[in-house]
Each structure stands twice: as structure tokens, then as C-alpha cells.
Amino acid sequence: MDRQRFLDGRLKIRHLVLVIAIAENGSLLGAAKDLHVTQPAVTRALRETESIVGVELFVRGPRGVRPTASGDILLDHARAVVSTMTSAQDRIDGLLRDGAEPVRVGTNLAGAYVLLPSALVRLKAEHPTLTATVIEGLGADLDVRLAHGEVDLLVGRPPAVATRFHHAPLYEEPVGLVARRDHPAIRSGLRSLAELQEFPWILPGRPTALRDELDELFARHEVPLPRNVIECSTILTMRSILLHTDAITPLPLLIGADDDALGYLPIRLETVPRAIGITTLAGRTPSKSAQLLIGHLVAEAQRISAEIARLDFG
């Protein structure tokens, strides 16, 4: 089999876009509507793509079409290629429009509350026309976005799998248990997970490193997981629930430190992951705009690290 057939000029971006559209719609008709062409045109283009690749990419099923094993492999790489080309277009358009490339940063709760906003304020003060896009999500989803070139960097916890990424640690921020200041557990000075088990809890969803560690923490203390749980990672939603119920939730220290309505219970979660840093794609130099943001993130991290050293939720 010709190992260069993907590189001989016959396989084009339009073929990759076609394969992605078919997979996302689950049918040739749906792909045709998305691509604004006729279904016969999609059928011909798919046959052409399969002829170039040398394998069948989709099989018909009772509910449409689904990728074959080879189709799944091509899809994975097609999405990466199309995402990379879209990123190139966005960067060029931003450069032409604003004189600077846009920067896209992914973050989770740990990085979104203090570090990233502070760095963005400093960045925009120096470069008002530079466009910055913030994408919040769970760690695994953000890792995929970074791998596919959909974001330039991540701010927050280290990636679960580090082989494709470079992570630069900035500081460690303890995680504590938070509730409203007049919560009965705070008034009573409760100090063990067993005493808190019957209260409502707000926990991060799975799969996240924080949730995995919390599950293990309950197991190590031989305490059953709370039965009354809301899974949530959005700070505004979490805060509203905390203020109107007896709910308890684990939060990084700085999130609750400046909130007069919230208080920390005197229970330290020493084993819970707390490293905060910057993650980029290994082997790829960040854009100049991303490097500017990284510089401000490093500077803000130094200030935050000193602030954490002065705080105590005990």
C-alpha cells in the first residue's frame, strides 16, 4: 500500500471537512445540508475520499451512518488539521484587524477566579486592541481543545496526561471546604468529614482530578460519600446555592477569602491537588500574543503566591 497517498496532493482539506460533517450529522443528507450541497454530491465526494484513502470510512446503520475503525482514525486527524487551519485563519484575521493575533485561553475554576482575570486586566491595559477569548470547561475537555489547537494555553490544574503538553507550575493554592458564614457546621466548629456527611454538598463533576481526590479522601476516612449532591463547577451557581442552603463545597482558598458571605470550615484537605500553572502544547512555540499573556500570568502568580502565604482558613 502506498504510504504517501495522503501526501500526493489528491487528499484535500475539503475531503476532511466532508468526513467531519458526515460524522457530526450521522447522515449524508445532514452533511449535505450543512455543506450547502446536494446529497448526491456528498455521496460522490465520499466515494472519492474513500478511493484516495483506500478504505471504507463509513457504514450504514439503522439510524444513519457511523464511522468505521479507519474512519475514526481519519476523523481524529481531520479534526486536528481543520482546527489548525481555522486557528491560522483566526490569527491572520486578528493580525490584519487589530495589529495583533487573538489569544485563546482555556481555564477551569482554579484558574478562572483570580489569576486569569488579573492577568487579562494587565494585558488589555497594555494592548487594548488585542482580542482575548476565555473558554471555561472541565480539565479533560480543555486538554482535548489544546491538543487540537482550539486554545493557545490552559490556566489551572496540570493536565491528566502530560506527554503531549508542557506544564509550567506557578504556585500552590490550598483547597478548603466552604459554606455560608452562618452555616451550622461553622457555628458548631465541626472538624471531621463524618460530621459533615449528612449536609448537602456541591462537588465537581467527573472526570476531574479534584473529584477523584475527594472521592478517595472520603474512602480513606471510611466515610460514605454524601447522598445529597449537586455536581457543579460554575462559581456563580455554586455561590448562590451556598448562600441559600446548608450546602458545603470544596473551593480554592482565594475564591472564598474575599467573600464576606462565605467562610471556610477548619478542615484541611492536604492531599487534594492544588498546583496552579500554565499548560501549552509540547513542541509548539506560543504566539506572541500568548507569550504576552503568559508574562502577565507569571507576574500575577508571584503576587498571588505571596497573598496565599498570608492567608489561613484554619
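Residues numbered from 1 in each chain as written. Predicted model: local features only at pLDDT ≥ 70, side-chain atom pairs only at ≥ 80, totals over all residues. Heavy atoms only, no water.

## Comments concerning the overall build of the protein chain
- Across its full length, the protein chain carries 13 helices and 12 strands.
- C-alpha atoms of the protein chain, sized along the principal axes, occupy 70 × 50 × 35 Å.
- For the protein chain, buried positions account for 45% of its 314 residues.
- Of all intrachain contacts in the protein chain linking residues separated by at least 6 positions in sequence, the fraction that spans at least 24 positions is 72%.
- On the protein chain, roughly 16500 Å² of surface is accessible, and the fraction owed to carbon and sulfur atoms is 54%.
- The average position of the 35 basic charges and that of the 38 acidic charges among the side chains of the protein chain differ by 5 Å. (Helix = DSSP H or I, 4+ residues; strand = E, 2+ residues; numbered from the N terminus. Buried < 20%, exposed > 50% of the residue type's maximum accessible area, 1.4 Å probe, protein only. Contact = heavy atoms within 4.5 Å. Areas by Shrake-Rupley, 256 points an atom, 1.4 Å probe, with all protein chains shown as cover. Lys, Arg positive; Asp, Glu negative; His and termini not counted. Charge placed at Lys NZ, Arg CZ, Asp CG, Glu CD.)

## Points about the layout of surface pockets
- Put simply, the largest pocket is a space of about 680 Å³.
- Forming the boundary of the largest pocket are 37 residues, of which N108, L138, G139, R157 and T208 lie nearest the centre.
- Where the lining of the largest pocket is concerned, the elements lending two or more residues are strand 3 (103-107), helix 5 (109-112), helix 7 (139-147), strand 5 (153-156), helix 10 (209-220), strand 10 (249-252) and strand 12 (275-281).
- Among the elements that make up the lining of the largest pocket, the one with the highest residue count is helix 7 (four residues).
- Class assignment for the residues of the lining of the largest pocket results in 21 nonpolar, 11 polar and five charged.
- Counted as a void, the second largest pocket has a volume near 220 Å³.
- Along the walls of the second largest pocket sit 16 residues, with S87, R91, R104, D152 and R284 positioned nearest its centre.
- For the lining of the second largest pocket, the secondary structure elements donating two or more residues are helix 4 (69-98) and strand 12.
- The element best represented in the lining of the second largest pocket is helix 4, accounting for four residues. (1 Å grid on protein atoms, 1.4 Å probe; cavity = no way out; pocket = protein on both sides within 12 Å on 5 of 7 lines; lining within 4 Å. Points joined across faces, edges and corners; volume = space filled by probe spheres on them. Nonpolar A, V, L, I, M, F, W, Y, C, P; charged D, E, K, R; others polar.)

## Overview of helix 2 (residues 28-35)
- Of all the residues in helix 2, the buried ones are L28, G30, A31 and A32.
- If you follow the buried residues of helix 2, they end up packed against helix 1 (13-25), helix 3 (39-53) and strand 1 (58-61).
- N-cap assignment for helix 2: the residue whose side-chain oxygen lies 2.9 Å from the backbone N of G30 is S27.
- A positive backbone phi angle near 60° is found at H36, which sits one or two residues after helix 2. (Polar contact = N/O pair within 3.5 Å; in protein donor to acceptor, adjacent residues only side chain to side chain.)

## Points about the packing of helix 6 (residues 115-126) against helix 13 (residues 288-310)
- The contact between helix 6 and helix 13 brings their axes to 8 Å, and the two run at 130°. The orientation of helix 6 relative to helix 13 falls into the category oblique. In terms of crossing hand, the pair formed by helix 6 and helix 13 is right-handed. Where helix 6 abuts helix 13, its residues L115, L116, S118, A119, L120, R122, L123 and E126 lie against L292, L293, H296, L297, A299, E300, A301, R303 and I304.
- Among the residues making up the contact of helix 6 with helix 13, the classes are represented as 11 nonpolar, two polar and four charged. (Axes fitted to C-alpha atoms, helices over the stretch in contact; angles between N-to-C directions. Parallel < 35°, antiparallel > 145°, perpendicular 65-115°, else oblique. Left-handed = near helix turned anticlockwise from the far one by under 90°.)

## Brief notes about the pairing of strand 5
- The alternating pattern of strand 5 places L153 and V155 and L154 and G156 on opposite faces, both of which are buried.
- Sheet topology places strand 3 next to strand 5; three bridges connect them, and they run parallel. Opposite G106, over in strand 5, you have L154 as the bridge partner.
- Where strand 5 lies against strand 12, three bridges are found, and the strand directions are antiparallel. (Pairing = 2+ DSSP bridges.)

## What to know about the packing of helix 2 against helix 3
- The contact between helix 2 and helix 3 brings their axes to 8 Å, and the two run at 105°. Of the possible angle classes, the one that applies to helix 2 and helix 3 is roughly perpendicular. When helix 2 is examined against helix 3, the residues L28, L29, A31 and A32 are found in contact with a partner set consisting of Q39, V42, T43 and L46.
- Its residues assigned to classes, the contact of helix 2 with helix 3 shows six nonpolar, two polar and no charged.

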